[in-house]
Amino acid sequence: MKTDAYKRSRTLYIGEAALEYLISILVAGTYLATITKALGISDTLTGIISAFISLGCVFQLCGIFLPRTNPKKTVLVFSVLNQLLFMALYVIPLVGGGKKWGTAAFIVLILLAYFFYNIVHPKKVDWLMGLVDHDKRGVFTAKKEMVSLIAGMAFSFLMGAIVDHYKAAGNLRMAFVICAVAIFVLMILHTLSMVLTCEKPHEQTTETPSRGRLFAALKDKRILRITLVFVLWHVATYCATPFYGTYQIIELGFTQVFVAVLSLLYAVARISFSFMWGRYADKQSFAKMLRLCFAVAALGFLCNVFCVPQNGRVLYTLYYILNAIAMGGINSALTNLCFDYVDEEKRADALAVSLAVSGVCGFLSTLAVSPLVTYIQANGNLLFGISVYAQQVLSLISFVMTVITMLYVSLSLVKIKKINQAE
């Protein structure tokens, strides 16, 4: 009976992940920008809010102070609070009350929403991924991601058409109502999927004080090795990718139609390679798979080192496809490293520490390279007398950092035994 229960729960987990992804679509990108514009929030303040949201992973450290027992109840409560706050973002423009009130309410609600999401995220991953067999996590993760991406493409098209229709008709309020209702319905389905998902029984152990758990995680050499992988990859990514958006529109001169085509190619490439990466990880290891994914990601960044307006459509498209192929394995591999190399009772803590530390380092790396971007652009796209765009230089930095990350994984993780292999 347990096997049947776990099989059903794994299916529900795939549905849960897809439903959560659909909700995230409605509170990001152009949807979020539509709300901020309706509230009169400036682009600068919107950018600052987005930057703080990216640091939400720091809140995951707070999850260490939550009890290890009954993760299902804790995750359910915080998930409902998180999604109700997301729904409330669409209610603010409907209520009115002035720009200052609306702006303040928006900032408070969105920060609280991401606080509630992040504080239980490691616990949720530990609970749900714990239902998957060790030798099937690669294929399972690929299947979960594929379902989410396909559902996301269809959902984005549908909701985008609805919002555009009411915006063109001058009835943005109705668009906000529909988005709020959509989040509420998705929240009910998402909650139901978790309620019906079983919980794997844990051995009764003495609860370690929260402060002791944090210090134990920071002292564990395996956790520190994994955290460094997270940090190196986030630094490599955040040195360049935050500046690619303006590069596409301004320097490379891409149209919105071409950007939409890139997004479609990205989704197709990522879905196509996810299963291949998953099977490889199950047969070999997630560390070996991660090493290959980083090699592909490095090639992508190398393409952008030579990407200029004259060849932009070709080289940037090649970068985008290579990045999609790499990301088809990287995200799942990073999470699964905690399951391969960390003791079961420390997995959630390891994930929380790794995500929090790497998130801060990624954000700081963006701040660190920003003066370089300003310097190059202020000098007429010249560096040491060489004609070059700032994003080309940043891509070179990201390429070097990704190669370093790949070498570190090869030297630090590939050759050590996994927890389930240890004697």
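Everything below is about the structure shown above.
Structure report, in brief. (Residues numbered from 1 in each chain as written. Predicted model: local features only at pLDDT ≥ 70, side-chain atom pairs only at ≥ 80, totals over all residues. Heavy atoms only, no water.)

1. Let's talk about the pattern of salt bridges
Note the following rule: For salt bridges, the criterion is a side-chain nitrogen of Lys or Arg within 4 Å of an Asp or Glu carboxyl oxygen. We count a stretch as a helix when DSSP gives it H or I for four or more residues in a row; a strand needs E for two or more, and each element gets its number in order from the N terminus. Burial status follows relative accessibility: with a 1.4 Å probe on protein chains alone, a residue under 20% of its type maximum counts as buried, one over 50% as exposed, and anything between as partly exposed.
According to the stated counting rule, one finds three salt bridges in the structure shown. With a closest N to O distance of 3.0 Å, lysine 124 and glutamate 16 form a salt bridge. Placement of lysine 124 in helix H5 (residues 99-129) and of glutamate 16 in helix H1 (residues 2-25) is noted, with a sequence separation of 108 residues between them. The exposure class assigned to lysine 124 is buried, which follows from its relative accessible area of 5%. On the basis of relative accessibility, which here comes to 2%, the residue glutamate 16 falls in the buried class.

2. Remarks on the packing of helix H6 (residues 137-168) against helix H13 (residues 312-341)
Helix packing geometry: the angle between the two helix axes and the distance between the axes. Selection criterion: Working convention: axes come from line fits to C-alpha atoms, limited for helices to the stretch in contact. Angles between N-to-C directions cover 0 to 180 degrees. Roughly parallel here means an angle under 35 degrees, roughly antiparallel means over 145, roughly perpendicular means 65 to 115, and every remaining angle is called oblique. For any helix crossing, the convention is left-handed if the near helix is rotated counterclockwise from the far helix by under a right angle, and right-handed if that rotation is clockwise. Contact between two residues is taken to exist if any of their heavy atoms lie within 4.5 Å; hydrogens are not considered. In this classification, the charged set is Asp, Glu, Lys and Arg, the nonpolar set is Ala, Val, Leu, Ile, Met, Phe, Trp, Tyr, Cys and Pro, and all remaining amino acids, among them Gly, are polar.
The geometry of H6 relative to H13 is characterised by a closest axis approach of 10 Å and an angle of 135° between their N-to-C directions. When the axis of H6 is compared with that of H13, the two are oblique. Classified by chirality, the crossing of H13 by H6 is right-handed. Taking contact as the criterion, the partners of Arg137, Thr141 and Glu145 in H6 are, on H13, Met327, Gly328, Ser332, Asn336, Phe339 and Asp340. Of the residues contributing to the contact of H6 with H13, the split by class is two nonpolar, four polar and three charged.

3. Some words on helix H12 (residues 286-305)
Note the following rule: Expected span of a helix: the number of residues minus one, times 1.5 Å.
Between its terminal C-alpha atoms H12 stretches 28 Å, which fits the 28 Å expected from 20 residues at 1.5 Å a residue. Across the 20 residues of H12, 14 count as buried, placing the element largely inside the fold.

4. Notes on helix H9 (residues 221-238)
An α-helical turn contains 3.6 residues, so any two residues separated by three or four positions project in the same direction. For H9, with 18 residues, the first-to-last C-alpha span of 26 Å sits near the 26 Å given by 1.5 Å per residue. Among all positions of H9, only Ile223, Ile226, Thr227, Val229, Phe230, Val231, Leu232, Trp233, His234, Val235, Ala236 and Thr237 are buried.

5. Description of the packing of aromatic side chains
We count it as follows: Think of it this way: a Phe, Tyr or Trp ring, Trp meaning its six-membered ring, pairs with another when their centres are within 6.5 Å, and the plane angle makes it stacked under 30 degrees, edge-to-face over 60, tilted otherwise.
One pass over the full model with this rule turns up 13 aromatic pairs. Their ring planes at 70° and their centres at 5.3 Å tell us that phenylalanine 86 and tyrosine 114 sit as a pair that is edge-to-face. Taken together, the positions of phenylalanine 86 in helix H4 (residues 71-95) and tyrosine 114 in helix H5 put the pair 28 residues apart, joining distant regions of the chain. Grouping residues by exposure puts phenylalanine 86 and tyrosine 114 together as buried. Joined through ring pairs, the aromatic side chains of Tyr244, Tyr266, Phe301, Tyr316, Tyr319 and Tyr320 make up one cluster.

6. Observations concerning the side chain of glutamine 392
Note the cut-off: Contacts described as polar in this section are N or O atom pairs within 3.5 Å, which, within protein, must combine one atom able to donate a hydrogen with one able to accept it, while residues neighboring in sequence count only if both atoms come from side chains.
Looking at the secondary structure, you find glutamine 392 in helix H15 (residues 390-412). Judged by relative accessible area, which is 10%, glutamine 392 ranks as buried. Among the polar contacts listed, one links the side chain of glutamine 392 to the backbone nitrogen of tyrosine 389, at a separation of 3.0 Å. Those residues in contact with glutamine 392, other than ones at most four positions away along the chain, are Tyr247, Asn304, Val305, Phe306, Cys307 and Val308.

7. A short note on a nonpolar patch on the surface
Quick reminder of the rule: A patch consists of residues whose relative accessible area exceeds 30% and which take part in no salt bridge; residues with like charges are grouped when within 9 Å of each other, and nonpolar side chains (Val, Leu, Ile, Met, Phe, Trp, Tyr) when within 5 Å. Accessible areas in this description were obtained via Shrake-Rupley with a 1.4 Å probe; residue shielding takes into account the shown protein chains only.
Residues Leu84, Met174, Val177, Val181, Phe184, Val185, Ile188 and Leu189 make up a contiguous nonpolar surface patch of roughly 620 Å² in combined accessible area. Considering every element that reaches the nonpolar patch, the biggest residue donor is helix H7 (residues 172-195), with seven residues. The class for leucine 189 is partly exposed, based on a relative accessible area of 42%.

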